[in-house]
Every structure is written in structure tokens, then in C-alpha cells.
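What follows is each chain in one-letter form.
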Amino acid sequence: LPNILDSKHQYTRCTLEGEDVVRLGFFGRLEWLAEAGLYLGKAPFPLLEVVPTSGTVFNTPESFNLLGFYEKITDRWVKASVEWHAEGLVLNHIPWIRQLGWREVVTAKAIHGDWDTKHEDLAVLPENTTGLQGTYTECGIGLENLFHFLRIEGIWRTDRPIEQKESWGIRVGFSAEI
């Protein structure tokens with residue numbers, strides 16, 4: 001808002017979000033989250049959409065787990081996250097694993113964005129920061145319901161060759177059976 005708290009920047013953020021859980025019967029459930037947004041006006045990069053990152057070994061559902069802090073910045077984006085919880089579709093057919101109650105989970109997260117360099121006039125991007133031009137994606141596969149609350153997932157980022165150590169990682173999460 002103009003002239004509020006001595007603001008020197010005039011910009012507007014518009015976002016639209018949606019999420020749902022879809023039951024797939026025998027095939028488990030699908031959880032999805034989608035967001036689209038844009039910034040109108042001009043602002044320095046810390047005030048714009050810094051693509052959210054976890055920065056820890058913990059799996060964070062609404063952030064990207066393998067990005068570094070301030071690695072990607074955007075001012076127009078569409079972001080989506082999908083998790084398929086198979087709820088034992090495969091593992092329930094293996095007798096000793098069925099007794100453990102482990103469940104399969106497959107994930108995909110992506111953000112497609114654009115970056116207008118007009119914002120760089122106000123603040124220079126740090127050395128390891130780039131404006132997002134295109135799509136960034138992470139995919140994962142894992143097990144959940146370990147000890148009835150733990151989740152372990154192998155995640156890889158698709159913008160780098162799989163041979164690079166920085167392109168993949170193991171993340172831990174917590175969840176309760178629904």
C-alpha cells in the first residue's frame with residue numbers, strides 16, 4: 001500500500017491456491033496442491049517469490065527439498081505438488097512386509113516460472129541465485145508408516161544428471177496414518 005510505513009516499493013502479489021485429497025479406492029489416495037501467482041510492479045528480489053526450500057534432511061511437503069536457499073527466484077509462477085499414497089498396493093502382497101504395515105509413496109513437485117530482470121535494478125542477485133526461467137522438478141519414491149509415523153523418501157532433481165551427488169538425496173518425514 002502506498003505511503004504505509006515509509007514503503008519505497010510499490011508492487012502487488014496475486015496468488016491462487018488449491019489442494020485436495022482424492023480417494024482412489026483400491027489404488028490408495030492422491031494428495032495434490034497447486035498454486036499460481038505473479039507480482040505486479042517492481043521490488044527487490046527478497047520481497048519476490050523465493051522458491052521455497054527445506055534446507056534440512058526433513059521432507060517438507062510445500063517446499064523443494066534439494067534446492068539451496070535463494071537458489072531460484074521468480075515473479076510469475078505455477079507450482080504443483082502431487083503425492084500418491086499406494087497404501088500397501090504392492091507391499092501388502094509380501095507376507096513379512098505386510099505385517100510391518102509399510103506403505104508406498106510416490107511424489108512429484110514442479111514449479112514453472114519466469115523472471116523479469118527489471119527487479120535486479122533494485123538489488124543485485126547473490127552469486128548462487130538465479131531467476132527461474134522455465135521449469136524445476138523434483139521426483140521421489142519412498143516408504144511411509146515405518147514405526148507407524150516415519151517416512152523415508154529418495155528424491156532427485158531432474159535439472160541435473162543423476163550421476164551428480166547434488167541431484168539426489170534422502171529425506172525423512174513424519175506422518176500419521178489417516
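Residues numbered from 1 in each chain as written. Predicted model: local features only at pLDDT ≥ 70, side-chain atom pairs only at ≥ 80, totals over all residues. Heavy atoms only, no water.

### Here we look at the sheet that holds strand E9 (residues 150-157)
Whether parallel or antiparallel, the strands of a sheet pair through hydrogen bonds between backbone atoms.
Working step 1: If you trace the 7 strands from one edge of the open sheet to the other, you get E1-E2-E5-E6-E8-E9-E10, paired in antiparallel fashion. Unpaired on one side and paired on the other, strand E1 (10-23) and strand E10 (168-174) mark the two borders of the sheet. Between one strand and the next, the sheet's axes are offset by a mean angle of 15 degrees, whatever the strand orientation.
Working step 2: Examined bridge by bridge, strand E6 (residues 103-114) and strand E8 (residues 134-146) share 11 bridges and lie antiparallel to one another. Bridged to Val105 within E8 is Gly142. (Pairing = 2+ DSSP bridges. Helix = DSSP H or I, 4+ residues; strand = E, 2+ residues; numbered from the N terminus. Axes fitted to C-alpha atoms, helices over the stretch in contact; angles between N-to-C directions.)

### Quick look at empty space enclosed by the protein
Working step 1: For the structure on display, the rule yields 1 cavity of 30 Å³ or more.
Working step 2: A volume near 50 Å³ is recorded for the largest cavity.
Working step 3: Sorting the residues of the lining of the largest cavity by element identifies E6, E8 and E9 as the ones contributing at least two each.
Working step 4: In terms of residue class, the lining of the largest cavity is made up of 2 nonpolar, 4 polar and 5 charged. (1 Å grid on protein atoms, 1.4 Å probe; cavity = no way out; pocket = protein on both sides within 12 Å on 5 of 7 lines; lining within 4 Å. Points joined across faces, edges and corners; volume = space filled by probe spheres on them. Nonpolar A, V, L, I, M, F, W, Y, C, P; charged D, E, K, R; others polar.)

### Description of the layout of surface pockets
Working step 1: Size it by volume and the second largest pocket reaches roughly 170 Å³.
Working step 2: Every residue along the wall of the second largest pocket is listed here: Glu17, Leu33, Ala34, Glu35, Pro61, Glu62, Ser63, Phe64, Lys79, Ala80, Ser81 and Lys109.
Working step 3: Looking at the lining of the second largest pocket, the elements that each hand over two or more residues are strand E2 (29-42) and strand E5 (76-85).
Working step 4: Residue composition of the lining of the second largest pocket, grouped by class: 5 nonpolar, 2 polar and 5 charged.

### Here we look at the sheet that holds strand E3 (residues 49-50)
Working step 1: An order of E3-E4-E7 is seen for the 3 strands of this open sheet, with the pairing classed as mixed. The two strands at the open ends of the sheet, each matched to only one other strand, are E3 and strand E7 (130-131).
Working step 2: Inspection of the sheet shows E3 paired to strand E4 (residues 72-74) by 2 bridges, in the antiparallel sense. Bridge assignment links Val50 to a residue of E4, and that residue is Ile73.

### Topic: the pairing of E6
Regular strands place their side chains on alternate faces of the sheet.
Working step 1: When E5 meets E6, the two strands line up antiparallel, connected through 10 bridges. Opposite Val82, over in E6, you have Ala108 as the bridge partner.

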